[in-house]
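# Fold and geometry: a report
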2 protein chains.
Amino acid sequence: MLISSVDNPKIKEIKKLQTRKFREKNGLFLVEGEHLVREAYKTGCLDTLILLDGTDFNLDVSTINVTENVLKNISELDTPQPMIGVCHKKTLNEKNGNVIILDNIQDPGNLGTIIRSAVAFNFDTIVLSNNSVDVYNSKVIRASQGLLFNINIVIGDLSIIIPKLKSEGYKIYGTKVTDGKSVKSIAKKTSFAIIMGNEGNGMSDAVSSMCDEFIYIDMDNRCESLNVGVAASILMYELGSKKV
Amino acid sequence: MLISSVDNPKIKEIKKLQTRKFREKNGLFLVEGEHLVREAYKTGCLDTLILLDGTDFNLDVSTINVTENVLKNISELDTPQPMIGVCHKKTLNEKNGNVIILDNIQDPGNLGTIIRSAVAFNFDTIVLSNNSVDVYNSKVIRASQGLLFNINIVIGDLSIIIPKLKSEGYKIYGTKVTDGKSVKSIAKKTSFAIIMGNEGNGMSDAVSSMCDEFIYIDMDNRCESLNVGVAASILMYELGSKKV
């Protein structure tokens with residue numbers, strides 16, 4: 001099938017997936033470029049491939065060929081790639097393994113970076129508070145380098161999720177810039193979760209009150225705080241057990 | 001002095017500092033918002049304060065009051081802050097202490113994050129190849145949280161700077177995703193420099209050939225690489241000696 005009109009109803013439906021509202025309504029999201037499309041395909045999340053007509057690229061999945069103006073219409077990039085994938089959100093697995101919890105993270109680049117580092121350091125589950133940036137936002141997906149397909153993603157109310165984790169034996173580490181114990185002094189636990197707070201304001205008081213212990217990263221006192229993506233990555237690097 | 005016209009010659013000169021070309025020509029750059037203006041003032045880099053007329057803010061420095069439309073004209077932010085600082089670039093100190101070298105880093109957010117982490121982990125000098133993103137770009141300054149005022153910045157030709165560091169007894173660590181030694185196994189040296197490469201392509205071959213040793217960060221093999229700001233931060237966290 002070749003579609004050449006941006007007014008084609010199917011194209012209009014796909015374009016709507018640029019907004020969080022429609023991604024949530026339909027359980028679908030978009031990825032752009034060969035690397036991300038292949039990652040989606042490998043993990044069984046790719047439903048439909050949108051391909052610039054004439055591109056030499058094949059996957060065993062429903063494919064729609066489009067003209068350049070249709071591709072540009074769907075793409076969020078200044079320089080569109082010749083392939084875009086329509087993916088379905090994974091059915092959420094149970095939380096397991098090492099867990100990182102994000103309380104109201106807002107920057108898509110930070111979230112993508114944290115997902116990438118989580119996979120690197122053997123964190124199996126990422127929990128996002130309902131008010132966090134949408135994990136299926138295209139900037140998050142690009143910053144994650146497609147690694148969001150390799151991690152359990154749970155989105156919900158932290159005042160329900162954290163007590164549940166505690167009842168399952170998880171130790172909950174909150175993070176503050178200076179309060180608590182240096183991460184270097186923490187003995188590794190089998191089951192634990194690390195909570196990172198909002199870029200400007202840290203963890204909310206309600207979330208803070210649910211922590212078992214607070215940890216920080218040693219640093220020079222001229223630096224008030226680290227970028228949240230960096231701080232999360234260093235904590236996961238220190239505490240993530242190596243599986244390989 | 002109150003300036004209300006965007007055609008005022010002084011305002012036109014200041015606005016030109018939004019471009020790298022004029023920042024380099026004049027040795028000046030802009031910072032926006034109270035935090036960054038105060039950081040510039042504290043380190044003696046603030047030449048002129050541009051202040052929205054009527055704002056209750058005082059620093060012992062040449063001040064120009066402006067109307068809102070002039071402020072908006074100079075600002076690069078969607079929501080301008082009431083104060084903007086015109087700063088001069090610091091005379092470069094000699095390279096000293098722990099050094100981080102960036103070979104063709106392009107993303108302003110990554111560079112700002114690396115500067116922030118460098119100060120946190122006691123790196124005194126940051127060296128940038130000539131083809132790197134401009135360190136005085138407003139996005140870099142914001143991402144650095146103003147910490148660029150706390151570090152020696154050297155911009156130049158790495159094929160001259162690296163051999164000079166070596167002749168001064170610096171050990172030069174290159175970074176590759178898997179080649180070399182795990183950073184965990186590296187004994188700390190008194191004088192060393194870590195080189196981080198470009199976001200997509202890593203270090204150039206010419207720079208690679210000047211390294212004494214290569215180091216990497218242990219991670220799960222599902223993750224091909226970390227964000228360069230995260231990788232630099234973890235390496236500095238591991239190797240930076242604590243001064244506090």
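These lines cover the structure that appears in this document, whether it is placed above or below.

Take the interface of chain B and chain A next. Counting from both sides, the interface comprises 31 residues of chain B and, opposite them, 31 residues of chain A. Between chain B and chain A, a total of about 2,700 Å² is buried, with carbon and sulfur atoms accounting for 59% of that surface. Contact with chain A buries area across many residues of chain B, yet B:Arg116, B:Arg222 and B:Tyr237 alone supply 24% of it, more than any other trio. Our count for the chain B to chain A interface comes out at zero salt bridges. Linking chain B with chain A are ten residue pairs in polar contact (both at pLDDT 80 or more), by the criterion used here.

To continue, consider the sheet that holds strand E11 (residues 192-196) of chain A. Residue and element names in this part refer to chain A. The strand order across the open sheet formed by seven strands is E8-E7-E6-E11-E9-E12-E10, and the pairing between neighbours is parallel. Each edge of the sheet is formed by a strand with only one pairing partner; in this case those strands are strand E8 (152-156) and strand E10 (181-182). Sheet analysis places E10 next to strand E12 (residues 213-216), joined by two bridges and oriented parallel. By the bridge assignment, Lys-181 is partnered in E12 with Ile-215. Where helix H7 (residues 158-167) meets the sheet, its contacts fall on strand E6 (98-102), strand E7 (123-129), E8, strand E9 (171-175) and E11, and the angle it forms with E6 comes to roughly 160°. Contacts from helix H9 (residues 228-239) reach E6, E7, E9, E11 and E12, with the element oriented near 165° to E11.

This next bit is on the side chain of B:Asn98. Structurally, B:Asn98 can be placed in strand E6 (residues 98-102). Overall, the relative accessible area of 6% leaves B:Asn98 in the buried class.

Viewed as axis vectors pointing N to C, H9(A) and helix H9 (residues 228-239) of chain B meet at an angle of 55°, and their least axial separation amounts to 9 Å. When the interaxial angle is binned, H9(A) and H9(B) end up oblique. Handedness of the crossing formed by H9(A) with H9(B): right-handed. Here A:Gly229, A:Val230, A:Ser233, A:Ile234, A:Tyr237 and A:Glu238 of H9(A) come into contact with H9(B), specifically with B:Gly229, B:Val230, B:Ser233, B:Ile234, B:Tyr237 and B:Glu238. Across the contact of H9(A) with H9(B), the residue classes tally to six nonpolar, four polar and two charged.

With that settled, the discussion passes to the pattern of salt bridges. Pairing between side chains becomes possible if they bear opposite charge and their charged atoms approach one another. Scanning the model with the defined rule gives 22 salt bridges over all chains in all. Where B:Lys181 meets B:Glu213, a salt bridge forms, and the shortest distance between an N and an O atom there is 2.7 Å. Pair noted here: B:Lys181 is in strand E10 (residues 181-182) and B:Glu213 is in strand E12 (residues 213-216), with a separation of 32 residues, a long-range link. Using a relative accessible area of 42% as the deciding quantity, one classes B:Lys181 as partly exposed. For B:Glu213, a relative accessible area of 14% puts it in the buried group. Among the charged side chains, a network of salt bridges with common partners joins A:Lys171, A:Lys181 and A:Glu213.

All names here are of chain B. Read from one edge of the open sheet, seven strands run E8-E7-E6-E11-E9-E12-E10, paired in parallel fashion. With partners counted over all chains shown, the strands left at the sheet margins are strand E8 (152-156) and E10, one partner each. Examined bridge by bridge, strand E7 (residues 123-129) and E8 share five bridges and lie parallel to one another. Looking across to E8, one finds that Ile-126 is bridged to Ile-153. Against the sheet, helix H7 (residues 158-167) touches E6, E7, E8, strand E9 (171-175) and strand E11 (192-196), its axis set at about 160° to E6. Where H9 meets the sheet, it contacts E6, E7, E9, E11 and E12, and its direction lies at approximately 165° from that of E11.

Below, the discussion takes up the environment of A:Phe22. Residue and element names in this part refer to chain A. The residue Phe-22 is located in helix H2 (residues 20-26) in this model. For the pair Phe-22 and Gly-174, spaced 152 residues apart in sequence, the C-alpha to C-alpha distance is 33 Å. For Phe-22, the contacting residues outside a window of four places in its chain are Lys-16, Leu-17 and Gly-27.

Turning next to the relation of the copies chain B and chain A. The two copies are related by a screw motion: chain B maps onto chain A through a turn of 180° and a shift of 0.0 Å along the axis, at an RMSD of 0.0 Å. Given the turn and translation reported, the copies of this chain are related as if by a two-fold rotation axis. Closest approach to the rotation axis within chain B is made by the C-alpha atom of B:Val230, at a distance of 2.6 Å. Of the interface residues in chain B, 100% have counterparts in chain A that sit at the interface too, so the contact is made through matching surfaces.

Rules used in this analysis
- Residue indices follow the written sequence of each chain, beginning from 1 at its first position.
- Chain letters and ligand numbers both follow the written order, the letters beginning at A and the numbers at 1.
- Two thresholds apply to this predicted model, a pLDDT of at least 70 for residue-level local features and 80 or more for giving and counting side-chain atom pairs, whereas whole-chain, interface and lining totals are computed over all residues.
- Note: side-chain values were computed over all heavy atoms of the structure, leaving out hydrogens and water.
- Two residues form a contact once any of their heavy atoms are found within 4.5 Å.
- Accessible-area loss on putting two parts together, using a 1.4 Å probe and summing over both, is the definition of buried area adopted here.
- Basic side-chain nitrogens of Lys or Arg form a salt bridge, by our definition, when they fall within 4 Å of a carboxyl oxygen of Asp or Glu.
- Here a polar contact means two N or O atoms within 3.5 Å. Within protein one must be a hydrogen donor candidate and the other an acceptor candidate, and residues neighboring in sequence count only if both atoms are side-chain atoms.
- Strands are labelled as partners when DSSP assigns at least two bridges between them.
- Strands here are runs of E lasting at least two residues and helices are runs of H or I lasting at least four, both read from the DSSP assignment and numbered beginning at the N terminus.
- Here an angle of 0 to 180 degrees is reported between the N-to-C directions of two axes, which are lines fitted to C-alpha atoms, with helices fitted over the stretch in contact.
- Each residue is placed in one exposure class: buried if its accessible area under a 1.4 Å probe, protein chains only, is under 20% of its type's maximum, exposed if it is over 50%, and partly exposed if it falls in between.
- Here is the rule for angles: anything less than 35 degrees is roughly parallel, anything more than 145 is roughly antiparallel, 65 through 115 is roughly perpendicular, and the remaining ranges are oblique.
- If you view the pair so one helix is near and one far, a crossing is left-handed when the near helix is turned anticlockwise from the far one by less than a right angle, and right-handed when it is turned clockwise.
- Classes in brief: Ala, Val, Leu, Ile, Met, Phe, Trp, Tyr, Cys and Pro nonpolar; Asp, Glu, Lys and Arg charged; the others, Gly included, polar.
- All copies are superposed by least squares; the fitting set is the C-alpha atoms of residues with a pLDDT of at least 70 in both.

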